Amino acid sequence: MEKIIHLIVIAIILVGCNTQAEKPVERTIEKIIEKPVETVIEKEVYKPSAEEVRNREIALRFYEEVINVQNVDALDKFCSPNYLEHQYDTHFDSDLKGVKKAFKEYFRAFPDMHVKVNFMMAEGDLLTAHITTTGTNTGSIYGQKPTNKKMEINGVDITRFKNGKVEEHWGFAEEGKLLTQLGLIRPLMKEGRKEQIEAARRKEYKAFPGSTGTKAN
């Protein structure tokens, strides 16, 4: 009997030990709360230079005082004598004289030509403008009769300034859209084909020594 009691006591002690081992140990975990560092970052506000501001003003005046009132003579006030045109057009020379001729023809073809500046960006001596040009074709253009149709096309002007005047210009315009609106694509394609045939004939005539322009039989 004493042995049984002794075994029961031992069993109770063992059960108590296991229960204590399974009980999780409570630990105090200190949470470290990091206070956010307030950093004040000053936003850089771009301030255009005096040159860039001046070039913007000149460009805006150019559109108003030359194109929107069709005044070719005013080009001398805005363009350098050494002006160079990079916008491709086989009809005109790339100097100031050629540009004046081009504007005269455009103003004759579109007496109500008007340019609206959509936006403008200046950087150093360069200025870029996105424009919309409108007008009514009441005069001949590219050797074709007036169509009396309206046009509205977008374009980009890139100009380089020197001493307050335009030295160079690069330009892109929706010429295909212009010809489509005026209905001139097919006539001009036909005219271009005729010029190609005539050029080929002239080349063929030169193959015959002493030729006077009539192909030898």
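Here the structure is a predicted model, which is why all the values come from computation and not from measurement. (Residues numbered from 1 in each chain as written. Predicted model: local features only at pLDDT ≥ 70, side-chain atom pairs only at ≥ 80, totals over all residues. Heavy atoms only, no water.)

*Asks:* Describe the overall build of the protein chain, listing the residues and the values that go with them.
*Replies:* For the protein chain, the count of helices and strands is six helices and five strands. Taken from N to C terminus, the helices and strands of the protein chain fall in the order α-α-α-β-α-β-β-β-β-α-α. Counting the 217 residues in the protein chain, one finds 26% classified as buried. Of all intrachain contacts in the protein chain linking residues separated by at least 6 positions in sequence, the fraction that spans at least 24 positions is 54%. Carbon and sulfur atoms form 56% of the exposed surface of the protein chain, whose accessible area is close to 16700 Å². (Helix = DSSP H or I, 4+ residues; strand = E, 2+ residues; numbered from the N terminus. Buried < 20%, exposed > 50% of the residue type's maximum accessible area, 1.4 Å probe, protein only. Contact = heavy atoms within 4.5 Å. Areas by Shrake-Rupley, 256 points an atom, 1.4 Å probe, with all protein chains shown as cover.)

*Asks:* Can you tell me about the packing of aromatic side chains, naming the residues and giving the values?
*Replies:* Taken as a whole and judged by the stated rule, the model has five aromatic pairs. A ring pair is formed by Phe62 and Phe78, whose centres lie 5.8 Å apart and whose planes are at 80 degrees; its orientation type is edge-to-face. One end of the pair, Phe62, is in helix H2 (residues 50–67); the other, Phe78, is in helix H3 (residues 75–78), with 16 residues separating them in the sequence. A single burial state applies to Phe62 and to Phe78, both of which are buried. Between Phe62 and Phe103 the ring centres are 6.3 Å apart and the planes differ by 70 degrees, which places this aromatic pair in the edge-to-face class. Separated by 41 residues along the polypeptide, Phe62 in helix H2 and Phe103 in helix H4 (residues 96–109) bring together distant segments of the chain. Judged by relative accessible area, which is 16%, Phe62 ranks as buried. (Phe/Tyr/Trp six-rings, centres within 6.5 Å; stacked < 30°, edge-to-face > 60°.)

*Asks:* Which residues make up the nonpolar core, and what values go with them?
*Replies:* Membership of the largest hydrophobic core comes to 34 residues, with the highest contact counts inside it found for Phe62, Tyr63, Ile67, Leu75, Phe103 and Phe110. Elements with a contribution of two residues or more to this core: H2, H3, strand E1 (79–85), H4, strand E2 (114–123), strand E3 (126–136), strand E4 (150–162) and helix H5 (175–182). When residues of this core are assigned to their parent elements, the largest contribution, six residues, is made by H2. The residues touching Tyr63, leaving out its near neighbours within four places in the chain, are Asn68, Val115, Val117, Met120, Ala129, Ile131 and Asp157. (Core = buried A, V, L, I, M, F, W, Y, C linked by side-chain atoms within 4.5 Å.)

No statement about biological role is implied by the geometric values presented.
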